[in-house]
Amino acid sequence: MDDDEQESGRRSRKSSKSFFSSVLSKAMPFIVIFVIGLAVGVYLTNQFIDPALNTGAVQEKKLLEERNAVLDQQVDSYYACLSTFAIDPQTCQRKTG
């Protein structure tokens, strides 16, 4: 019985090795195609899709920066106006003294 069990164990090991190798050999083309497709997708996303999506964001950022600069100038002019008339900008009260 021991010989039969050892022989069947050897057969199952050989069959499991051949099973995995046959599955791997059948799946290898799909794995290669998947990896190539993934690499091409990453390249296309990086080179074409992201820049196309980000153009609107870049334009909006520039517009907001320009608007912020104009508002900063306006705040500076108001602050200078308050200082000219001796008004404290923190309390909006005329400084006495």
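Heads up: the structure comes first, above all this text.
Residues numbered from 1 in each chain as written. Predicted model: local features only at pLDDT ≥ 70, side-chain atom pairs only at ≥ 80, totals over all residues. Heavy atoms only, no water.

## So, the overall build of the protein
And step 1. What the protein contains, in helices and strands, is 1 helix and 2 strands.
And step 2. Secondary structure elements of the protein occur, N-terminal to C-terminal, as α-β-β.
And step 3. Taking all 97 residues of the protein together, 1% fall into the buried category.
And step 4. Carbon and sulfur atoms make up 63% of the accessible area of the protein, which totals about 9,000 Å². (Helix = DSSP H or I, 4+ residues; strand = E, 2+ residues; numbered from the N terminus. Buried < 20%, exposed > 50% of the residue type's maximum accessible area, 1.4 Å probe, protein only. Areas by Shrake-Rupley, 256 points an atom, 1.4 Å probe, with all protein chains shown as cover.)

## A word on unusual backbone geometry
Excluding glycine, most residues fall at negative phi; most peptide bonds, likewise, are trans.
And step 1. Positive phi, close to 55°, is recorded for Ala-86, a residue that is not glycine.
And step 2. Tracing the backbone through its elements, the reader meets Ala-86 in the loop between helix 1 (2-84) and strand 1 (87-88).
And step 3. Ala-86 gets classed as partly exposed once you look at its relative accessible area, which sits at 33%.

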